[in-house]
Amino acid sequence: MTQPVKAFTIDFDLVTGLSKKTPSTKRTLSSMKGMYADQGAYDRKLQDDNDPLVYEFYELDIPQTSGDILFGTSVLYPGKVGNEYHMTKGHFHTILETGEVYYCLSGEGVMLMENPEGDWQIEKFSPGQAVYVPPRYAHRSINTGTEPLISFYAFRADAGHDYGTIETKGYRKLVVEKEGQPEIIDNPKWN
Ligand SMILES: O=P(O)(O)OC[C@H]1O[C@](O)(CO)[C@@H](O)[C@@H]1O
Ligand SMILES: [Fe+2]
């Protein structure tokens, strides 16, 4: 018989989004090679800002079964690469039919989603709003503001992460700053 998993409680600070109890997984700019549209701006920023931290999140030690739930906070720091806002890599779930929920605690931004059939959707993140990512949709958080974008997420623990075409072609759409405002444009690399 398998051992029952022990209940636990974990802290996530309401201001920083971070936990004192457990270390986060950190993604710095160098882990996102080829993902920003402006390669020149990426190379310059990597060097000038000494490989800055773009986002961090939690990978808690929870069994990856269909009945368990992976959860944690995601803290996406503000900034841009060229005119493209800081974003997460984004992923499909390996079990494609898996949805996910994000509850925005602070900051502002958007969740960009697309499915393999070519549909894409975008939802706004603002404090107190929950975004539902439906099954089949790759999802990428984008910070369009000037403060960290902090959200709490939960999804079925055996879903897995599939970076698939995202690491090579990216998403069909990009979110860039134009005249001080976020704008959705076609990704020139997607064809
Ligand atoms: O896999 P990515 O796109 O780097 O982003 C990681 C984010 O996605 C999640 O896996 C949730 O789907 C979180 O752990 C984290 O916020
Ligand atoms: Fe996910």
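Counting of residues starts from 1 at the beginning of each chain's written sequence and follows it residue by residue. Whichever chain is written first is A, and whichever ligand is written first is 1; the rest continue in order. The predicted nature of this model means local features are confined to residues of pLDDT at least 70 and side-chain atom pairs, given and counted, to a pLDDT of 80 or more, with totals for whole chains, interfaces and linings taken over all residues. By convention in this description, side-chain values take in all heavy atoms of the structure and omit both hydrogens and water.

The chain has the name Glucose-6-phosphate isomerase in an unreviewed UniProt entry, where Lysinibacillus macroides is given as its organism. Per its UniProt entry, the chain bears the Catalytic activity (unreviewed entry) comment "alpha-D-glucose 6-phosphate = beta-D-fructose 6-phosphate". UniProt positions are given in the numbering used here, feature names are shortened, and annotations may be inferred rather than shown by experiment.

Undergrad: Is there a simple way to explain the coordination of the iron ion (ligand 2) in this structure?
TA: Sodium, potassium and calcium take a 3.2 Å donor cutoff, other metals 2.8 Å, and in both cases only N, O and S atoms count; water is not among them, so sites may look incomplete. Summarising the metal site, the iron ion (ligand 2) is bound by the protein donors His91 (NE2), His93 (NE2), Glu100 (OE) and His139 (NE2), whose distances to it range over 2.1 to 2.3 Å. Going along the chain, you hit the donors of the iron ion (ligand 2) in the pattern H-x1-H-x6-E-x38-H. Placement of the pair is Glu100 in strand 6 (residues 100-106) and His139 in strand 10 (residues 138-143), with a sequence separation of 39 residues. In this structure, Glu100 and His139 share a single accessibility class: buried. Helix and strand assignments follow DSSP, with helices taken as H or I runs no shorter than four residues and strands as E runs no shorter than two, numbered in order from the N terminus. Think of it in three bands: with a 1.4 Å probe and only protein chains considered, a residue is buried below 20% of the maximum accessible area for its type, exposed above 50%, and partly exposed in between.

Undergrad: Where do I start with the sheet that holds strand 2 (residues 53-57) in this structure?
TA: Pairing between the strands of a sheet is mediated by backbone hydrogen bonds and can be parallel or antiparallel. One open sheet accounts for six strands, arranged 1-2-3-11-6-9; its pairing is antiparallel. Lying at the two open borders of the sheet, with one neighbouring strand each, are strand 1 (25-28) and strand 9 (130-133). In this sheet, adjacent strand axes meet at a mean angle of 20° when their direction is disregarded. Strand pairing is assigned whenever DSSP identifies at least 2 bridges connecting the two strands. In this sheet, strand 2 lies alongside strand 1 in antiparallel orientation, the contact comprising four bridges. In the strand pairing of strand 2, Thr28 is matched with Leu53. To get an axis, a line is fitted to the C-alpha atoms, and for a helix only the part in contact is used. The angle between two axes follows their N-to-C directions and goes from 0 to 180 degrees.

Undergrad: I would appreciate a short explanation of the sheet that holds strand 7 (residues 109-114) in the present structure.
TA: Taken in spatial order, the three strands of this open sheet run 8-7-10, and their pairing is antiparallel. The open sheet has two edge strands, strand 8 (120-125) and strand 10, and neither has a second partner. The average angle at which neighbouring strand axes cross in this sheet is 20°, direction not considered. Where strand 7 and strand 10 come together, six bridges link them in antiparallel fashion. Its bridge partner being in strand 10, Gly109 is matched across the sheet by Asn143.

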